[in-house]
Amino acid sequence: MDAQLEAELENARQCLFDTYNIALTYGDSDTQEAQRFLDLAARLCEIKNDAIRNAEAVEVAKEARTLGEFEEKYRTALEKQNQPFNAKKTADYRNFSASLARMHEEYSANANDASTNDDMMIEEQICIKDPLTKLTMQNPVKNRKCGHHYEKSSIMNHINGGGQRCPVVGCANKSCITNADLVDDPLFKIHLQNIIEDQN
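What counts, and at which threshold
- Residues numbered from 1 in each chain as written.
- Predicted model: local features only at pLDDT ≥ 70, side-chain atom pairs only at ≥ 80, totals over all residues.
- Heavy atoms only, no water.
- Axes fitted to C-alpha atoms, helices over the stretch in contact; angles between N-to-C directions.
- Helix = DSSP H or I, 4+ residues; strand = E, 2+ residues; numbered from the N terminus.
- Parallel < 35°, antiparallel > 145°, perpendicular 65-115°, else oblique.
- Contact = heavy atoms within 4.5 Å.
- Nonpolar A, V, L, I, M, F, W, Y, C, P; charged D, E, K, R; others polar.
- Phe/Tyr/Trp six-rings, centres within 6.5 Å; stacked < 30°, edge-to-face > 60°.
- Buried < 20%, exposed > 50% of the residue type's maximum accessible area, 1.4 Å probe, protein only.

Observations concerning the packing of helix α1 (residues 3-26) against helix α2 (residues 34-61)
Part 1: Where α1 meets α2, the closest approach of the two axes is 11 Å, and the angle between their N-to-C directions is 180°. Relative to α2, the element α1 is oriented roughly antiparallel. Across from L5, E6, L9, A12, R13, L16, T19, Y20 and A23 in α1, the residues of α2 making contact are A34, F37, L40, A41, L44, I47, K48 and A51.
Part 2: Of the residues in the contact of α1 with α2, the class split is 13 nonpolar, 1 polar and 3 charged.

Some details on the packing of aromatic side chains
Part 1: In total, this model carries 3 aromatic pairs according to the counting rule given.
Part 2: Taken together, a centroid distance of 5.0 Å and an interplanar angle of 65° make the contact between Y20 and F37 edge-to-face. Pair noted here: Y20 is in helix α1 and F37 is in helix α2, with a separation of 17 residues, a long-range link.
Part 3: Note on Y20: relative accessible area 1%, which makes it buried.

So this is what it looks like as C-alpha coordinates:
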(Lines give C-alpha, C1' and ligand atoms only; values in the text may rest on other atoms or scores of the structure.)
Protein backbone atom coordinates (compact mmCIF):
# COMPACT_ATOMS: atom_id res chain seq x y z
CA MET A 1 0.00 0.00 0.00
CA ASP A 2 1.15 3.53 -0.75
CA ALA A 3 3.08 4.96 2.22
CA GLN A 4 1.39 8.35 1.90
CA LEU A 5 -2.08 6.81 2.00
CA GLU A 6 -1.12 4.73 5.03
CA ALA A 7 0.11 7.87 6.80
CA GLU A 8 -3.12 9.67 5.91
CA LEU A 9 -5.23 6.81 7.29
CA GLU A 10 -3.23 6.84 10.51
CA ASN A 11 -3.68 10.60 10.73
CA ALA A 12 -7.44 10.13 10.23
CA ARG A 13 -7.56 7.59 13.08
CA GLN A 14 -5.71 10.03 15.33
CA CYS A 15 -8.21 12.75 14.41
CA LEU A 16 -11.03 10.41 15.46
CA PHE A 17 -9.34 9.88 18.85
CA ASP A 18 -8.86 13.61 19.33
CA THR A 19 -12.45 14.37 18.32
CA TYR A 20 -13.82 11.71 20.67
CA ASN A 21 -11.72 13.13 23.50
CA ILE A 22 -13.15 16.59 22.83
CA ALA A 23 -16.67 15.13 22.65
CA LEU A 24 -16.21 13.43 26.04
CA THR A 25 -14.94 16.63 27.60
CA TYR A 26 -17.30 19.18 26.08
CA GLY A 27 -20.02 17.36 24.16
CA ASP A 28 -23.46 16.05 24.96
CA SER A 29 -24.68 12.45 24.84
CA ASP A 30 -25.20 12.60 21.07
CA THR A 31 -21.68 13.77 20.27
CA GLN A 32 -20.28 11.24 22.75
CA GLU A 33 -21.89 8.31 20.90
CA ALA A 34 -18.95 5.91 20.54
CA GLN A 35 -20.58 3.83 17.80
CA ARG A 36 -20.25 6.73 15.35
CA PHE A 37 -16.51 6.80 15.87
CA LEU A 38 -16.27 3.01 15.63
CA ASP A 39 -18.21 3.07 12.35
CA LEU A 40 -15.78 5.64 10.96
CA ALA A 41 -12.83 3.54 12.12
CA ALA A 42 -14.34 0.53 10.34
CA ARG A 43 -14.64 2.62 7.17
CA LEU A 44 -10.95 3.51 7.40
CA CYS A 45 -10.16 -0.21 7.63
CA GLU A 46 -12.23 -0.82 4.51
CA ILE A 47 -10.39 1.93 2.65
CA LYS A 48 -7.06 0.37 3.65
CA ASN A 49 -8.20 -3.07 2.54
CA ASP A 50 -9.38 -1.70 -0.83
CA ALA A 51 -6.05 0.08 -1.33
CA ILE A 52 -4.11 -3.12 -0.63
CA ARG A 53 -6.31 -5.12 -3.01
CA ASN A 54 -5.92 -2.52 -5.77
CA ALA A 55 -2.13 -2.32 -5.30
CA GLU A 56 -1.81 -6.11 -5.55
CA ALA A 57 -4.01 -6.20 -8.64
CA VAL A 58 -1.90 -3.49 -10.30
CA GLU A 59 1.25 -5.51 -9.60
CA VAL A 60 -0.27 -8.52 -11.36
CA ALA A 61 -1.49 -6.40 -14.29
CA LYS A 62 1.93 -4.79 -14.83
CA GLU A 63 2.94 -7.80 -16.90
CA ALA A 64 0.37 -6.88 -19.55
CA ARG A 65 1.58 -5.63 -22.96
CA THR A 66 -1.57 -3.79 -24.01
CA LEU A 67 -4.12 -1.60 -22.28
CA GLY A 68 -6.85 -4.16 -22.87
CA GLU A 69 -4.72 -6.94 -21.42
CA PHE A 70 -3.89 -4.71 -18.42
CA GLU A 71 -7.59 -4.11 -17.71
CA GLU A 72 -8.36 -7.81 -18.02
CA LYS A 73 -5.54 -8.90 -15.71
CA TYR A 74 -6.43 -6.15 -13.23
CA ARG A 75 -10.12 -7.10 -13.14
CA THR A 76 -9.29 -10.82 -12.84
CA ALA A 77 -6.86 -10.17 -9.98
CA LEU A 78 -9.46 -8.13 -8.12
CA GLU A 79 -12.09 -10.83 -8.55
CA LYS A 80 -9.72 -13.44 -7.10
CA GLN A 81 -9.30 -11.28 -4.02
CA ASN A 82 -13.03 -10.62 -3.69
CA GLN A 83 -13.47 -12.32 -0.33
CA PRO A 84 -15.76 -11.13 2.48
CA PHE A 85 -14.03 -8.48 4.55
CA ASN A 86 -14.92 -7.79 8.16
CA ALA A 87 -13.29 -4.59 9.39
CA LYS A 88 -14.03 -5.52 12.99
CA LYS A 89 -11.69 -8.50 12.72
CA THR A 90 -8.68 -6.35 11.81
CA ALA A 91 -5.95 -5.37 14.26
CA ASP A 92 -6.43 -1.70 13.38
CA TYR A 93 -10.12 -1.79 14.37
CA ARG A 94 -9.51 -3.78 17.56
CA ASN A 95 -6.72 -1.46 18.65
CA PHE A 96 -8.93 1.56 17.96
CA SER A 97 -11.83 0.01 19.85
CA ALA A 98 -9.64 -0.84 22.85
CA SER A 99 -8.16 2.68 22.92
CA LEU A 100 -11.61 4.22 22.75
CA ALA A 101 -12.75 1.99 25.62
CA ARG A 102 -9.78 3.05 27.75
CA MET A 103 -10.46 6.70 26.98
CA HIS A 104 -14.12 6.25 27.94
CA GLU A 105 -13.20 4.50 31.20
CA GLU A 106 -10.73 7.26 32.11
CA TYR A 107 -13.33 9.91 31.39
CA SER A 108 -15.96 8.07 33.45
CA ALA A 109 -13.55 7.80 36.36
CA ASN A 110 -12.70 11.50 36.24
CA ALA A 111 -16.34 12.52 35.82
CA ASN A 112 -17.48 10.98 39.10
CA ASP A 113 -18.48 13.27 41.98
CA ALA A 114 -15.59 14.64 44.03
CA SER A 115 -17.02 12.82 47.04
CA THR A 116 -16.53 9.45 45.37
CA ASN A 117 -13.66 7.52 46.91
CA ASP A 118 -10.78 7.04 44.47
CA ASP A 119 -10.61 3.39 45.48
CA MET A 120 -14.00 2.86 43.85
CA MET A 121 -12.47 3.24 40.41
CA ILE A 122 -9.87 0.48 40.62
CA GLU A 123 -11.01 -1.39 37.54
CA GLU A 124 -7.86 -0.79 35.47
CA GLN A 125 -7.86 -4.27 33.99
CA ILE A 126 -10.91 -5.55 32.17
CA CYS A 127 -12.60 -8.38 34.05
CA ILE A 128 -14.78 -10.49 31.76
CA LYS A 129 -16.23 -12.66 34.55
CA ASP A 130 -19.46 -11.78 36.28
CA PRO A 131 -18.66 -11.34 40.01
CA LEU A 132 -21.76 -13.31 41.01
CA THR A 133 -21.82 -16.29 38.65
CA LYS A 134 -18.07 -16.30 37.84
CA LEU A 135 -19.08 -16.92 34.22
CA THR A 136 -18.03 -14.85 31.22
CA MET A 137 -20.43 -11.96 30.79
CA GLN A 138 -22.63 -11.90 27.69
CA ASN A 139 -24.86 -8.89 28.37
CA PRO A 140 -22.93 -6.68 30.80
CA VAL A 141 -24.17 -3.57 32.55
CA LYS A 142 -22.17 -1.01 34.48
CA ASN A 143 -22.74 0.37 37.96
CA ARG A 144 -22.38 4.10 37.40
CA LYS A 145 -21.46 4.66 41.05
CA CYS A 146 -18.41 2.42 41.23
CA GLY A 147 -17.72 1.49 37.62
CA HIS A 148 -17.97 -2.29 38.11
CA HIS A 149 -19.61 -4.48 35.48
CA TYR A 150 -22.01 -7.38 35.98
CA GLU A 151 -24.03 -9.78 33.87
CA LYS A 152 -27.40 -8.04 33.60
CA SER A 153 -29.57 -11.04 34.52
CA SER A 154 -27.49 -12.00 37.54
CA ILE A 155 -27.26 -8.50 39.01
CA MET A 156 -31.02 -8.01 38.51
CA ASN A 157 -31.65 -11.20 40.47
CA HIS A 158 -29.13 -10.07 43.08
CA ILE A 159 -30.82 -6.72 43.73
CA ASN A 160 -34.39 -8.00 43.45
CA GLY A 161 -36.02 -7.00 46.71
CA GLY A 162 -33.43 -4.30 47.45
CA GLY A 163 -30.76 -3.95 50.09
CA GLN A 164 -27.87 -5.37 48.06
CA ARG A 165 -24.49 -3.73 47.59
CA CYS A 166 -21.93 -4.17 44.81
CA PRO A 167 -20.85 -7.84 44.83
CA VAL A 168 -17.27 -7.10 43.73
CA VAL A 169 -14.89 -7.97 46.57
CA GLY A 170 -13.26 -4.87 48.01
CA CYS A 171 -15.59 -2.39 46.31
CA ALA A 172 -15.63 0.87 48.24
CA ASN A 173 -19.19 1.66 47.16
CA LYS A 174 -21.26 1.06 50.29
CA SER A 175 -24.63 2.17 48.91
CA CYS A 176 -27.23 -0.36 47.81
CA ILE A 177 -27.63 -0.92 44.08
CA THR A 178 -30.82 0.26 42.40
CA ASN A 179 -32.06 -0.18 38.84
CA ALA A 180 -31.16 3.46 38.18
CA ASP A 181 -27.51 2.73 39.00
CA LEU A 182 -27.21 0.19 36.18
CA VAL A 183 -26.41 1.57 32.74
CA ASP A 184 -25.44 0.11 29.38
CA ASP A 185 -21.78 0.42 28.41
CA PRO A 186 -21.52 -0.22 24.65
CA LEU A 187 -17.75 0.32 24.54
CA PHE A 188 -17.21 -2.26 27.26
CA LYS A 189 -19.41 -4.73 25.35
CA ILE A 190 -17.29 -4.29 22.23
CA HIS A 191 -14.06 -4.63 24.18
CA LEU A 192 -15.43 -7.69 25.97
CA GLN A 193 -16.32 -9.27 22.63
CA ASN A 194 -12.81 -8.59 21.31
CA ILE A 195 -11.24 -10.23 24.38
CA ILE A 196 -13.46 -13.31 24.02
CA GLU A 197 -12.64 -13.59 20.30
CA ASP A 198 -8.91 -13.33 21.02
CA GLN A 199 -9.19 -16.16 23.54
CA ASN A 200 -10.97 -18.46 21.06
